Amino acid sequence: MASCTDLGRTKPSRSCFSVFCKVLINLQCLLYCGMLHRLGVQILRPEHQLSGVQQFRADDGEEELFKGHAVVSEKAAEGEGTAWMLVTDPACVDWESGEELELLEGYVEAGTHLVLPGLPEVSVIEGNKKLRDFLGIRKVLEQETTVTGYYLREGFLLGGGTFYLDRESPDAEELLPGSEAYPGEKTFPWYLPGYGTKVYMRGIAAGEQVKAENYPIMLWRKSHGTASVFAVNGGLMDGLQGMGLLSAMAAETDSYGLYPVVNAQNMILAGYPSLADENPEEMERLYSRSVKQVFQELLWPNIAAVLEKHRYKATCMMTPQYDYTDDNLPDGRQLAYYLKIFNEHGAETGLWGLSVSDTPLAGKLASDGAFLREALGGYGFASLYAGDMEDLEIREALGEELLGSVRTVVREHDGTQAMPVGFLSEGVTAQRVIGDGLTYTYESDFLVRCMETALGYFSISFDLSRVAYPEEDGDGWEQLSKALGTTIGTYGQAFRGFHPTTASECDARIRQFLALDYRDDRIDDTIYLQVEGITGPAWFVLRTHNEAIEDMEGGSWQELEEGAYLIEVTDKRAVLTLKPADERFYR
């Protein structure tokens, strides 16, 4: 059995990407993406007979290593000391063994924060008072309950507090948009918090007789003086949303939290525009117009108004045509028209790599290339929309002449642990959309809040090929335009401090983010920040508790919300001076 002293702090070889040190739990994903070599990460293997700590490298690809894993992430500091945070799978711990619980208590007593993405079996918790005290649980009220919604407390994730509630339509036959998909489970044990516990998220119990303070807890922190235990109930840390939760937890563990972000907010118009007159019978039935007229006279004025109102930039992933098997060919005059108006509105033109026909990608690219050479003498795209294509298919496509200038590929979020930003190949970045702008769910809303918290990154796609080829009644532009305006309005208001970008602008920021190396230190009320490895600006999020920025050298700042600031560093060294925000506040 390893002792607490086995978890000594070592100086990371690099401090870049330290945000992932704090926020990533899926190590298989990190291994695959080759990111762990950037981190000061250590791995503890508590598989009954603890084998101690070992430094992990990205090429140590043995999946067996991750069974029952725990992660120790280091806070940038030199010298010896305790590890900063331990993230462990509760399934790997023998909770009924007093020895292993004492080991975890020893870590916390030594100053290591403990994060439990899940909890032991409710029967184990109910029968072990010492464990309940350690986790911050006063009482097990019910072994299982089904909630009717969630409440997220303000000040934890960026974007403010919110309610996720079951909402029935007027005829009570179905739930309104949002309610059909929650970010976690709706049935889980009903725990009441104990003394010294701060609750960030609760389930909303059915029945008006239940007081809010007795709602079942889902996400909380138990303070043990020297460190805290963070516990998660209800499956909230499954998937990429765990990044944001861990990032928010990290900010709660110290007087301040400072970490780099991408600072990019993308609006992707997928499959817009198309330049051929397609599906004419359906367009005439729905709009009494051709698809070219629908795109010019209905879609673009509405899109342009949304962009102007909410200060967003659009990346228009155009396609010469949707169907490559009919006789409707693209119109070069349409291409010239759109390139002109996109340029006037600061929009980017990328290429949509999909089609509604079964045309192979190579065939589509050959046809598109021939059209563009005839219409313009050729055209160089900086961004490609690849949807849910596999890596191999994308890499093969990037070898085609038409895509020779592509620097970034926009991909759909497929619900897996795949990283939202990274390198697809040595010279091409990948950026994933994290939500369907035409379909709102509580799950997607929560994921957006988590990605904004962890990375300052937001990318949402609107599949406008559905206008030309509707698959259901709700695919009419009248309905889709409302969804587009509502989505952009909602997120644009909540995260307006971050910068709107096109896909190419986001690409440049991703490269900066991945190359960044930095160190920060605090002396009294002053934070010193040193950045290396990049040219140009870098962005950070600063989170404080009852403190505000008084002055800054080496860059600029703006308040995102209470206790959260976007920092732009323009010199190699920045200095931030803090001041009390409210003397009456206490944590």
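So, here's what we can say about the structure. Being a predicted model, the structure only gives us computed values, none of them experimental. (Residues numbered from 1 in each chain as written. Predicted model: local features only at pLDDT ≥ 70, side-chain atom pairs only at ≥ 80, totals over all residues. Heavy atoms only, no water.)

**Quick word on the pattern of salt bridges**
Working definition: two side chains of opposite charge can pair if their charged atoms are close together.
Logical step 1: Within this structure, the stated rule accounts for 19 salt bridges.
Logical step 2: Put simply, glutamate 105 and lysine 130 hold a salt bridge, and the shortest N to O gap is 3.5 Å. Pair noted here: glutamate 105 is in helix α3 (residues 98–109) and lysine 130 is in helix α5 (residues 129–135), with a separation of 25 residues, a long-range link.
Logical step 3: With relative accessibility at 22%, the residue glutamate 105 sits in the partly exposed group.
Logical step 4: Of the residues examined, lysine 130 reaches a relative accessible area of 40% and is grouped as partly exposed.
Logical step 5: The closest approach of N and O atoms between aspartate 331 and arginine 333, which form a salt bridge, is 3.2 Å.
Logical step 6: Through salt bridges with shared partners, one network takes in Asp277, Lys292, Asp331 and Arg333. (Salt bridge = Lys/Arg side-chain N within 4 Å of Asp/Glu carboxyl O. Helix = DSSP H or I, 4+ residues; strand = E, 2+ residues; numbered from the N terminus. Buried < 20%, exposed > 50% of the residue type's maximum accessible area, 1.4 Å probe, protein only.)

**What about helix α15 (residues 503–515)?**
Residues separated by three or four positions in an α-helix point in the same direction, a consequence of the helix having 3.6 residues per turn.
Logical step 1: Counted at 1.5 Å a residue, the expected span for α15 with its 13 residues is 18 Å, and the 18 Å between its end C-alpha atoms agrees.
Logical step 2: Buried within α15 we find Ala503, Cys506, Asp507, Arg509, Ile510, Arg511, Gln512, Phe513 and Leu514. (Expected span 1.5 Å × (residues − 1).)

**A word on the side chain of arginine 509**
Logical step 1: On the secondary structure map, arginine 509 appears in helix α15.
Logical step 2: Despite its burial, arginine 509 remains without a salt bridge, the nearest opposite charge being carried by glutamate 505 at 6.5 Å.
Logical step 3: For arginine 509, the residues in contact, after removing those within four places along its chain, are Val262, Asn263, His499, Thr501 and Trp539. (Lys, Arg positive; Asp, Glu negative; His and termini not counted. Contact = heavy atoms within 4.5 Å.)

**Quick notes on the sheet that holds strand β29 (residues 564–569)**
Logical step 1: With respect to topology, four strands assemble into an open sheet ordered β13-β26-β29-β28, the strand pairing being antiparallel. In this open sheet, the two edge strands, each paired with only one partner strand, are β13 (256–261) and β28 (555–561). On average, each strand axis in the sheet is tilted by 25° relative to the strand beside it, whichever way the strands run.
Logical step 2: Direction of pairing for β13 relative to strand β26 (residues 538–544): antiparallel, over a ladder of six bridges. (Pairing = 2+ DSSP bridges. Axes fitted to C-alpha atoms, helices over the stretch in contact; angles between N-to-C directions.)

**Focus: a nonpolar patch on the surface**
Logical step 1: On the surface, a nonpolar cluster with roughly 270 Å² of combined accessible area is contributed by Tyr151, Phe163 and Leu165.
Logical step 2: On the secondary structure map, tyrosine 151 appears in strand β7 (residues 149–152). (Patch = residues over 30% accessible without salt bridge, like charges linked within 9 Å, V, L, I, M, F, W, Y side chains within 5 Å. Areas by Shrake-Rupley, 256 points an atom, 1.4 Å probe, with all protein chains shown as cover.)

**Notes on helix α12 (residues 442–455)**
Logical step 1: Over its 14 residues, α12 runs 20 Å from end to end, which matches the ideal 20 Å to within 8%, given 1.5 Å per residue.
Logical step 2: Where burial is concerned, most of α12 is hidden: 13 out of the 14 residues are buried.
Logical step 3: Looking one or two residues beyond α12, the residue adopting positive phi is glycine 456, at roughly 60°.

**Describing the pairing of β29**
Along any regular strand the residues' side chains alternate between the sheet's two faces.
Logical step 1: Counting buried positions along β29 gives five out of six residues, so the element sits mostly inside the fold.
Logical step 2: Pairing of β26 with β29 involves six bridges; the strand directions are antiparallel. Pairing of arginine 543 across the sheet is with alanine 564, part of β29.
Logical step 3: Here β28 runs beside β29; their pairing, made up of six bridges, is antiparallel. Within β29, the position partnered with serine 556 by the bridge is glutamate 568.

**Considerations on the nonpolar core**
Logical step 1: By size, the foremost hydrophobic cluster in this structure holds 111 residues, and its most contacted members are Leu269, Tyr272, Phe295, Ile303, Phe540 and Leu542.
Logical step 2: At nine residues, helix α8 (residues 291–310) tops the list of elements feeding residues into this core.
Logical step 3: With residues up to four places along the chain from it excluded, the contact list for isoleucine 303 reads Leu269, Tyr272, Leu464, Trp477 and Leu484.
Logical step 4: Leu246, Ala248, Tyr442 and Phe446 belong to the second-largest nonpolar core, a separate cluster that totals 28 residues. (Core = buried A, V, L, I, M, F, W, Y, C linked by side-chain atoms within 4.5 Å.)

**Some thoughts on the packing of aromatic side chains**
Logical step 1: One pass over the structure, following the stated rule, counts 20 aromatic pairs.
Logical step 2: Note on tyrosine 150 and tyrosine 182: the rings are 5.1 Å apart at their centroids and 70° apart in plane angle, and the pair reads as edge-to-face. You can see tyrosine 150 sitting in strand β7 and its partner tyrosine 182 sitting in the loop between β8 (162–165) and β9 (187–193), a full 32 residues away along the chain.
Logical step 3: The buried category is assigned to tyrosine 182, whose relative accessible area is 8%. (Phe/Tyr/Trp six-rings, centres within 6.5 Å; stacked < 30°, edge-to-face > 60°.)

**Observations regarding the environment of phenylalanine 495**
Logical step 1: Here phenylalanine 495 shows up in the loop between α14 (477–494) and β23 (500–501).
Logical step 2: Given the relative accessible area of 5%, phenylalanine 495 is considered buried.
Logical step 3: A sequence separation of 336 residues divides phenylalanine 495 from glycine 159, and the C-alpha atoms of the two residues are 6.4 Å apart.
Logical step 4: Beyond its immediate sequence surroundings of up to four residues, phenylalanine 495 is in contact with Leu158, Gly159, Gln265, Val448, Arg449 and Glu452.

**Brief notes about the sheet that holds strand β30 (residues 573–580)**
Logical step 1: Reading across from one edge, β24-β25-β30-β27 is the order of the four strands in this open sheet, with antiparallel pairing throughout. Every interior strand has two partners, whereas the edge strands, β24 (517–523) and β27 (547–553), have only one. Adjacent strand axes in the sheet meet at a mean angle of 25° when their direction is disregarded.
Logical step 2: Bridge count between β27 and β30: six bridges; the pairing is antiparallel. The residue bridging aspartate 551 from the neighbouring strand is threonine 577, located in β30.

**Let's talk about the packing of helix α9 (residues 332–344) against helix α10 (residues 361–376)**
Two measures define how a pair of helices packs: the angle their axes make with one another and the distance between the axes.
Logical step 1: Interhelical geometry of α9 versus α10 gives an angle of 75° and a closest axis separation of 10 Å. Taken together, α9 and α10 sit at an angle that is classed as roughly perpendicular. Contact residues: α9 offers Gly332, Leu335 and Leu339, while α10 offers Phe371, Leu372, Ala375 and Leu376.
Logical step 2: For the contact of α9 with α10, the class distribution of residues is six nonpolar, one polar and no charged. (Parallel < 35°, antiparallel > 145°, perpendicular 65-115°, else oblique. Nonpolar A, V, L, I, M, F, W, Y, C, P; charged D, E, K, R; others polar.)

**Brief notes about unusual backbone geometry**
Logical step 1: Following tyrosine 272, the chain continues into proline 273 via a peptide bond in cis, with omega recorded as -5°.
Logical step 2: Inspection of the secondary structure puts proline 273 in strand β14 (residues 264–274).
Logical step 3: For aspartate 524, which is not a glycine, the phi torsion comes out positive at approximately 55°.

**A word on the packing of α8 against α9**
Logical step 1: Viewed as axis vectors pointing N to C, α8 and α9 meet at an angle of 15°, and their least axial separation amounts to 12 Å. Between α8 and α9, the angle falls in the class roughly parallel. The handedness of the crossing between α8 and α9 is left-handed. Contact residues: Lys292, Phe295, Gln296 and Trp300 in α8; Gln334, Tyr337, Tyr338, Ile341 and Phe342 in α9. (Left-handed = near helix turned anticlockwise from the far one by under 90°.)

**As for a negative patch on the surface**
Logical step 1: On the surface, a cluster of negative charge is contributed by Asp388, Glu390, Glu393, Glu396 and Asp414.
Logical step 2: Taking relative accessible area as the criterion, aspartate 414 reaches 47% and is therefore assigned partly exposed. (Charge placed at Lys NZ, Arg CZ, Asp CG, Glu CD.)

**A word on the environment of glutamate 374**
Logical step 1: Summarising the element assignment, glutamate 374 is placed in helix α10.
Logical step 2: As for glutamate 374 and glycine 332, which are separated by 42 residues in sequence, their C-alpha atoms are 8.2 Å apart.

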